[in-house]
Amino acid sequence: MKNSFKKLVTTHPNSGYSIARLTLGLVLFPHGAQKLLGLFGGYGYSATIEMFTTQMGLPSVVAFSVIIIEFFGAVALIIGLFSRFWALSFVGMFLGIIFTTQLEHGFFMNWFGNQAGEGYEYSLLVIGLALTILVNGSGKWSIDSKLSKK
């Protein structure tokens, strides 16, 4: 158990990995805050669960997981706590997004509103940043770096 915890929090003391982690956390935080708290023009928890389950047909456990991962995962990435776990969660979530809603719309995002939905280019960027964190850890400026020294 102790060895697994050490692997989870061990990180390369590189500031570049911290930048990747902070970028991903800061970009995803507003999306999570929309879904959980209704901030930034979002609808909040109940309405988001309703939309995911009734309009999109997702199981309630998936809808709940998306909200939790997007909000708490983003916060954890910002502070650098268990970043490998959250990065893996984001990889899984965004692969799910690609295969359930974006693949049929092609690569490009819907910048001009001329597609029926969004392409998967944004999701690939998220996955790339998350894989960087998964492989290398939280980076120099993180709680994980402090925990790995104990």
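Please read these numbers as outputs of a predicted model, since none were measured by experiment.

The subject of this paragraph is unusual backbone geometry. For Phe40, which is not glycine, the phi dihedral falls at a positive 55°. Overall, Phe40 belongs to the exposed group, its relative accessible area being 52%. Unlike most non-glycine residues, Phe82 shows phi in positive territory, near 55°. Examined against the element boundaries, Phe82 turns out to sit in the loop between helix 4 (60-79) and helix 5 (83-102).

Along the chain, the position of Glu70 falls in helix 4. Residue classification places Glu70 among the buried positions, given a relative accessible area of 5%. Here the alpha-carbon distance between Glu70 and Gly25, two residues 45 residues apart in the chain, equals 9.0 Å. Not counting chain neighbours up to four residues away, the residues in contact with Glu70 comprise Leu28, His31, Gly32, Lys35, Phe90 and Met93.

A few words now on helix 4. An ideal rise of 1.5 Å per residue puts 28 Å on 20 residues; helix 4 measures up with 28 Å between its terminal C-alpha atoms. Turning to helix 4, its buried residues are Ala63, Val66, Ile67, Ile69, Glu70, Phe71, Gly73, Ala74, Ala76 and Leu77. Buried-residue contacts for helix 4 involve helix 2 (15-37), helix 3 (44-55), helix 5 and helix 6 (121-136). Directly beyond the C-terminal end of helix 4, a positive phi value near 75° is found at Gly80.

Bringing the confidence of the model for the protein chain into the picture now. Looking at the protein chain as a whole, the pLDDT averages 94, with 99% of positions reaching at least 70. Looking over the protein chain, one finds the lowest element-wise mean pLDDT in helix 1 (residues 2-9), namely 80, and the highest in helix 4, namely 98.

A surface patch of nonpolar side chains, amounting to about 300 Å² of accessible area, comprises Leu37, Leu39 and Phe40. Judged by its relative accessible area of 47%, Leu37 is partly exposed.

So, on to the packing of helix 3 against helix 4. For the pair helix 3 and helix 4, interaxial distance at closest approach is 9 Å and the crossing angle is 135°. Classified by the angle their axes make, helix 3 and helix 4 are oblique. For the pair helix 3 and helix 4, the crossing hand works out as right-handed. Contacts between helix 3 and helix 4 involve Tyr45, Thr48, Ile49, Phe52 and Thr53 from the former and Ser60, Ala63, Phe64, Val66 and Ile67 from the latter. When its residues are assigned to classes, the contact of helix 3 with helix 4 shows seven nonpolar, three polar and no charged.

Turning next to the packing of helix 2 against helix 3. In contact at an axis separation of 5 Å, helix 2 and helix 3 are set at 95° when each is read in the N-to-C sense. Between helix 2 and helix 3, the angle falls in the class roughly perpendicular. Side by side, helix 2 and helix 3 meet where Gln34, Lys35, Leu36 and Leu37 of the first sit next to Gly44, Tyr45, Thr48 and Phe52 of the second.

Residue placement: Arg21 occurs in helix 2. There is no salt bridge for the buried Arg21, and the closest opposite charge comes from Asp144, which lies 6.6 Å off by N-O distance. Here Leu77 takes part through its backbone oxygen, which lies 2.7 Å from a polar atom of the side chain of Arg21. Excluding anything up to four places from it in sequence, Arg21 contacts Leu77, Ile78, Ile79, Gly80, Ser83, Ile133, Ser138, Trp141 and Ser142.

The rules behind these values
- Residues numbered from 1 in each chain as written.
- Predicted model: local features only at pLDDT ≥ 70, side-chain atom pairs only at ≥ 80, totals over all residues.
- Heavy atoms only, no water.
- Buried < 20%, exposed > 50% of the residue type's maximum accessible area, 1.4 Å probe, protein only.
- Helix = DSSP H or I, 4+ residues; strand = E, 2+ residues; numbered from the N terminus.
- Contact = heavy atoms within 4.5 Å.
- Expected span 1.5 Å × (residues − 1).
- pLDDT = per-residue confidence, 0-100.
- Patch = residues over 30% accessible without salt bridge, like charges linked within 9 Å, V, L, I, M, F, W, Y side chains within 5 Å.
- Areas by Shrake-Rupley, 256 points an atom, 1.4 Å probe, with all protein chains shown as cover.
- Salt bridge = Lys/Arg side-chain N within 4 Å of Asp/Glu carboxyl O.
- Axes fitted to C-alpha atoms, helices over the stretch in contact; angles between N-to-C directions.
- Parallel < 35°, antiparallel > 145°, perpendicular 65-115°, else oblique.
- Left-handed = near helix turned anticlockwise from the far one by under 90°.
- Nonpolar A, V, L, I, M, F, W, Y, C, P; charged D, E, K, R; others polar.
- Lys, Arg positive; Asp, Glu negative; His and termini not counted.
- Polar contact = N/O pair within 3.5 Å; in protein donor to acceptor, adjacent residues only side chain to side chain.

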